[in-house]
Amino acid sequence: MDGTQRSDIQAGTEVAVVQKHHQRSGELTEGIVKRILTKSPTHPHGIKVMLEDGIVGRVKQILG
C-alpha cells in the first residue's frame, strides 16, 4: 500500500515516511505511527503522520 488513503493507517502501524527536508532525495525513515495529522480521507503525496519518536512526514509505504 502506498499511504495515500487515511483509512489504511492507524496508530501503531509500521510505516516508511519521507520528511519535508528529504523530499528531493526521497530518503525514507521507518517508524511506528503515533498520530495521524492529515484530516482528509486521501492525499496524493501521502498521509502526514507523526511517528513515536516525534518525526513528522508523509507516508510513502505501509510496512505492517
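Above this text is the structure in question.
The structure displayed is predicted, hence computed values, not measured ones. (Residues numbered from 1 in each chain as written. Predicted model: local features only at pLDDT ≥ 70, side-chain atom pairs only at ≥ 80, totals over all residues. Heavy atoms only, no water.)

Undergrad: Can you walk me through the side chain of threonine 29 in this structure?
TA: Take threonine 29: it is sitting in strand E2 (residues 28-36). Look at threonine 29 and you get buried, because its relative accessible area is 15%. Reaching out from threonine 29, the side chain makes a polar contact with the side chain of glutamine 19 at a distance of 3.1 Å. Beyond its immediate chain neighbours, meaning those up to four positions away, threonine 29 contacts Val15, Ala16, Val17, Gln19, Leu51 and Ile55. (Helix = DSSP H or I, 4+ residues; strand = E, 2+ residues; numbered from the N terminus. Buried < 20%, exposed > 50% of the residue type's maximum accessible area, 1.4 Å probe, protein only. Polar contact = N/O pair within 3.5 Å; in protein donor to acceptor, adjacent residues only side chain to side chain. Contact = heavy atoms within 4.5 Å.)

Undergrad: How do you make sense of the pairing of E2 when you look at a structure like this?
TA: Note on strand geometry: in a regular strand, side chains alternate between the two faces of the sheet. Examined bridge by bridge, strand E1 (residues 14-18) and E2 share five bridges and lie antiparallel to one another. Counted as the bridge partner of alanine 16 is glutamate 30 from E2. In this sheet, strand E3 (residues 48-51) lies alongside E2 in antiparallel orientation, the contact comprising three bridges. Considered in E3, the bridge of arginine 35 is made with methionine 50. (Pairing = 2+ DSSP bridges.)

Undergrad: Please explain the nonpolar core as it appears in this structure.
TA: As a rule of thumb, nonpolar side chains are buried together in soluble globular proteins. Formed by Ile9, Val15, Val17, Val33, Ile36, Ile47, Val49, Leu51, Val59 and Ile62, the largest nonpolar core amounts to ten residues. Only E1, E2, E3 and strand E4 (56-62) provide two or more residues apiece to this core. (Core = buried A, V, L, I, M, F, W, Y, C linked by side-chain atoms within 4.5 Å.)

Undergrad: What should I look at first to understand the sheet that holds E2 in this one?
TA: The strands that make up a sheet are held in pairs by hydrogen bonds between backbone atoms, and each pair lies either parallel or antiparallel. With antiparallel pairing, the four strands of this closed barrel are ordered in space as E1-E2-E3-E4. Neighbour-to-neighbour, the strand axes of the sheet open up by a mean angle of 70°, direction not taken into account. Pairing analysis gives three bridges linking E3 to E4, with the strands arranged antiparallel. Residue pairing for E4: valine 49 is matched across the bridge by glycine 57. (Axes fitted to C-alpha atoms, helices over the stretch in contact; angles between N-to-C directions.)

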